Amino acid sequence: MKHQKKGRIFGRERNQRNALMKTLLGSLIMHEHMATTEAKAKAVKNFIDQLVNKAKVARKDEDRKVALIRDLRKHIPLMAVKKLMGDFTNRFETRQSGYVRVIKTEARKSDSARMAIIEFV
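In this text the structure is predicted, and so the values were computed from the model without any measurement.

**Description of the packing of aromatic side chains**
Moving on, step 1. Enumeration over the complete set of coordinates arrives at four aromatic pairs.
Moving on, step 2. Both rings, one in Phe88 and one in Phe120, keep their centres 4.6 Å apart while their planes meet at 45 degrees; by these two values the pair is tilted. Of this pair, Phe88 sits in helix 4 (residues 78-91) while Phe120 sits in strand 3 (residues 115-120), and the two are 32 residues apart along the sequence. Across this residue pair, the class does not change: Phe88 and Phe120 are buried.

Okay, structure coming up:
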């Protein structure tokens, strides 16, 4: 039974899942939109909100800046951290949450997986 179990597994082991999320988050930040399956897009959406909020806090609080950048570095590549700290904190300064949107598209022809486009607002 799955009582009190949260999150998506994606048919992968824990380390593979973490690597997948790191890659998806980095790609989304660098390209600002991407097409993926609906389940992966919904999972990435929650993480992006947390990362952008951490970047906004790091920009305002100079004392915690190094620690927060180190924490961001665990979840996304260095190039994505730099872009997140620079461009995105200015862009989403007035917004509290809801930084990305998920647009559902047609199913993939090969395996009929439900697809979606995830992009920044």
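Next comes the rest of the write-up.
**Things to note about the pairing of strand 3**
Moving on, step 1. Where strand 1 (residues 33-37) meets strand 3, five bridges bridge the pair, whose relative direction is antiparallel. In the sheet register, Ala35 faces strand 3, and the bridge partner there is Ile117.
Moving on, step 2. Sheet topology places strand 2 (residues 100-104) next to strand 3; five bridges connect them, and they run antiparallel. Bridge assignment links Val102 to a residue of strand 3, and that residue is Ile118.

**Some details on the packing of helix 1 (residues 14-31) against helix 4**
Moving on, step 1. Where helix 1 meets helix 4, the axes come as close as 9 Å, and the angle between the chain directions of the two elements is 45 degrees. One finds that helix 1 runs oblique with respect to helix 4. As helix 1 packs across helix 4, the resulting crossing turns out to be left-handed. Contact residues: Gly26, Ile29 and Met30 in helix 1; Met79, Ala80, Lys83, Leu84 and Phe88 in helix 4.
Moving on, step 2. Split into classes, the residues belonging to the contact of helix 1 with helix 4 amount to six nonpolar, one polar and one charged.

How each quantity is defined
Residues numbered from 1 in each chain as written. Predicted model: local features only at pLDDT ≥ 70, side-chain atom pairs only at ≥ 80, totals over all residues. Heavy atoms only, no water. Phe/Tyr/Trp six-rings, centres within 6.5 Å; stacked < 30°, edge-to-face > 60°. Helix = DSSP H or I, 4+ residues; strand = E, 2+ residues; numbered from the N terminus. Buried < 20%, exposed > 50% of the residue type's maximum accessible area, 1.4 Å probe, protein only. Pairing = 2+ DSSP bridges. Axes fitted to C-alpha atoms, helices over the stretch in contact; angles between N-to-C directions. Parallel < 35°, antiparallel > 145°, perpendicular 65-115°, else oblique. Left-handed = near helix turned anticlockwise from the far one by under 90°. Contact = heavy atoms within 4.5 Å. Nonpolar A, V, L, I, M, F, W, Y, C, P; charged D, E, K, R; others polar.

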